[in-house]
Amino acid sequence: MEHGPVVAILLCALLCIPAALPSGSEPVLLGLKARLVVNSTPCSVTCGLGVKEEQLCEVSPAGERRNCSLVRSRCLSDWICGLRHLSVPEGKPLQLSCLSPDAAGLEGQDFGYTWRFARGLITTNELLFHPFRNPSPSLSFSPALESHSGTYRCDVQVLSSFQIVKRIYFGLRVIPQDLVDLDFQKSLTWEQQLVANGEEPGNATGPREREQQHWEVWEKQWVSEVLLGIGSGAIMGILLSLGLCCLGHVCRKRAAEK
């Protein structure tokens, strides 16, 4: 059986159908609905991986919204978060975290964490960092020691694509105990000492005004020390005079008895 005439008839029919339609008409799909994001909150972080809430709705061709729902999804801002400075007294517990629990807890991509450490330095120079074995998103010190001071770098990486989605540096200073309990008064400037003593340092900021105020403070301290010295000397002189008088009286009494 030859199929040539049948094929020719089918091709002719397909070519004739568009010509039978009215000019300018297009096929219309009835009942088509799409589920689209109609609203979204800002990302929870300004750098790295965060979380945002999105409102999803079914939108009809006429623009009607139905069956809306809120979903939480990850969002990515600038992946470099820069250097964060931290100070903690020696002996206190401390935890560094390079990914928020909300972002890490969402279902979806799996992440890997790479830590590096520059001991005793606050820096972002990549040549100074060495590998630091810690596969978790957080690093705990319990307690923090002075030897823990330095800069810690954490990279958050998508395991499936090896894409780095966050890099953050923690500049950690662990303050020894013997430096924590310093004399607060001695560490203040003369302006701060005035405020601590309930005096007004004034609004003058010129060199001459600052020098005059500094001289007045020094003069008060000097006068106080001089008065204290004079008072102490007078008391010692009186005690010495009384002692000499008593000694002379005793000596004369013994001479008279002899």
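Right, let's walk through the structure included here. (Residues numbered from 1 in each chain as written. Predicted model: local features only at pLDDT ≥ 70, side-chain atom pairs only at ≥ 80, totals over all residues. Heavy atoms only, no water.)

## Examining the state of the cysteines
- Enumeration over the complete set of coordinates arrives at four disulfides.
- With a sulfur-sulfur separation of 2.2 Å, Cys47 is cross-linked through a disulfide to Cys81. Torsion about the S-S bond of the Cys47 and Cys81 cystine: about 115°, corresponding to right-handed handedness. Here Cys47 is found in the loop between strand 1 (34-40) and strand 2 (49-59), whereas its partner Cys81 is found in strand 4 (residues 80-89), with 34 residues between them in sequence. Taken as a pair, Cys47 and Cys81 share a single burial class, namely buried.
- Take the cysteines of the chain that form disulfides and number them in order along the sequence; they join up as 1-5, 2-6, 3-4, 7-8.
- Cys245 forms no disulfide, and the closest cysteine sulfur to it belongs to Cys246, at a distance of 6.9 Å. (Disulfide = S-S within 2.5 Å. Helix = DSSP H or I, 4+ residues; strand = E, 2+ residues; numbered from the N terminus. Buried < 20%, exposed > 50% of the residue type's maximum accessible area, 1.4 Å probe, protein only.)

## Considering the sheet that holds strand 9 (residues 150-158)
- Read from one edge to the other, the open sheet built from five strands follows the order 4-10-9-6-7, with strand pairing classed as mixed. Whereas interior strands pair on both sides, the edge strands pair on one side only; in this sheet they are strand 4 and strand 7 (130-132). Here the strands of the sheet are splayed against their neighbours by 30° on average, with no regard to which way each runs.
- Examined bridge by bridge, strand 6 (residues 111-119) and strand 7 share three bridges and lie antiparallel to one another. Each bridged residue has a counterpart across the sheet, and for Phe117 the counterpart in strand 7 is His130. (Pairing = 2+ DSSP bridges. Axes fitted to C-alpha atoms, helices over the stretch in contact; angles between N-to-C directions.)

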